[in-house]
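Single-letter residue listing:
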Amino acid sequence: MNSFQTSGNSPGSRDRRCHVGLLGFGPLGAVVARRLTGAAPVASLALTHIFDRRARDKQARESAPLSELTWLDRVDDLLASDTDVIVEALPAGEPSVDYVRAALLAGKSVVTASRQVMAHHGVALLTLAERQGRQLRYEAAAGGAMPIVRALGDGLAGDRVLKIEAVLNGTTNAVLSRMEQDGCTMDEAVAEACARGYAESDPNHDLDGKDAAAKLALLASVAFGLRVRPDAIDTRTTRSITAADVRTARQRGGAVRQVAHASYAAERGALTAWVAPVFVPESSVLATLTGALNGAVVSCQHAGEITMTGPGAGGDAVAVAMISDLCAIARDRAAIVPAPVLVEPREIKGFSPQTYAEAV
């Protein structure tokens, strides 16, 4: 086994904490690792193993206690370890779904932040997790530090969700709000978002609405019990927004925001779902969101409107959600979470003519 240093816990001295293996030590994985081994670690969790293809080099650059953990450069070695749960924190482009599936088959619970994995393969993976008697949690995949998955799945389980209107992509929100504050061009705002770690080197996936559409598909499954492919959601690019568009929105008493909308008429089986840059009035909580903040207004049949906000981009925000999922698993490692039973909507609508009137 290609491990470069082994932690001091032997099988005979194994403590009662939930032992965590980290799959990936990139920007996100490093934040999670430092949170779990820092000055105020979570008492119920113990990070014991880290996989990275450059494990030897990265371990050599770290100091204790991170350097004293077991570092691996083979995924199979991580899956064969005595960890209870695997945190999937691989960069985009990695075959994350294969690793999540392999971890579940190896008897590990899994925490992931990959909205693409969950939007495209979530039902199959959650079904596998149930069959294996393990948990698969993905709060970080939808709202960053905004706990919208748990709110929809647990907090609002006693109500009927009618509509979700949300800002789900922190990168795009950071770009638009910077244009609003400084009057700069989109290229200038994107460059700053990249420099601050909010955006990938190619941010078009965010600006074109693909990232938010994957998250919206996830939320539709939790809120409405629907199986929705992300590519079935009408998406409109934000790349065409200019500084003049932003100024006009301000003059009208509002702001431009990339909004993800989903509403479901259950009696007709009709889902309306889209992601687009639209004008939102200043009275809306979505207009107040600046920087990498996410926000959502959830309309319910009985409780009315529920509003939540939280950071949606950057390693610190995503790590909060991932560690919260780890804590949930550690509280009851034997819990079996039933896989969702989803139905296909009979109809999926995009922008309506009224919506187009508000689009910029």
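Reading the values: rules and limits
Residues numbered from 1 in each chain as written. Predicted model: local features only at pLDDT ≥ 70, side-chain atom pairs only at ≥ 80, totals over all residues. Heavy atoms only, no water. Axes fitted to C-alpha atoms, helices over the stretch in contact; angles between N-to-C directions. Helix = DSSP H or I, 4+ residues; strand = E, 2+ residues; numbered from the N terminus. Parallel < 35°, antiparallel > 145°, perpendicular 65-115°, else oblique. Left-handed = near helix turned anticlockwise from the far one by under 90°. Contact = heavy atoms within 4.5 Å. Buried < 20%, exposed > 50% of the residue type's maximum accessible area, 1.4 Å probe, protein only. Polar contact = N/O pair within 3.5 Å; in protein donor to acceptor, adjacent residues only side chain to side chain. Pairing = 2+ DSSP bridges. Expected span 1.5 Å × (residues − 1). Core = buried A, V, L, I, M, F, W, Y, C linked by side-chain atoms within 4.5 Å.

(A) Molecular detail of the packing of helix α7 (residues 148-155) against helix α11 (residues 210-224). One way to put it is that α7 packs onto α11 with a least axis distance of 8 Å and a crossing angle of 15°. The angle between α7 and α11 falls in the class roughly parallel. For the pair α7 and α11, the sense of crossing is left-handed. Contact residues: I148, V149, L152 and G153 in α7; L219, V222 and A223 in α11.

(B) The arrangement of the side chain of E62 in detail. Looking at the secondary structure, you find E62 in the loop between α2 (55-61) and β3 (70-72). We classify E62 as buried; its relative accessible area is 18%. Of the polar contacts made by the side chain of E62, one reaches the side chain of R34; its length is 2.7 Å. Not counting residues up to four positions away in its chain, the partners in contact with E62 are F25, R34, S67 and W71.

(C) Looking closely at the sheet that holds strand β6 (residues 136-137). Across the sheet, six strands lie side by side as β3-β2-β1-β4-β5-β6; this open sheet has parallel pairing. Sheet topology places β3 and β6 at the edges, where each strand pairs with a single neighbour. Where strand β2 (residues 45-51) meets β3, three bridges bridge the pair, whose relative direction is parallel. Within β3, the position partnered with I50 by the bridge is W71.

(D) A look at helix α14 (residues 315-331). Here α14 contains 17 residues, and its C-alpha end-to-end distance of 24 Å stays within 8% of the 24 Å for a straight helix at 1.5 Å per residue. Counting buried residues in α14 gives twelve out of 17 residues, a clear majority hidden from the surface. Along α14, the positions that sit buried rather than exposed are A317, V318, A319, A321, M322, I323, D325, L326, C327, A328, I329 and A330.

(E) Representation of the nonpolar core within the structure. Core analysis: the largest hydrophobic core is formed by 59 residues, its most contacted members being I148, L152 and F224. Considering each element in turn, this core owes the most residues, ten residues, to α11. The residues contacting I148, other than those within four sequence positions of it, are E139, A142, G143, L219, A296 and M308. By size, the runner-up hydrophobic cluster in this structure holds 32 residues, among which are V32, W71, V87 and I323.

Just distances and angles here, no functional claims.
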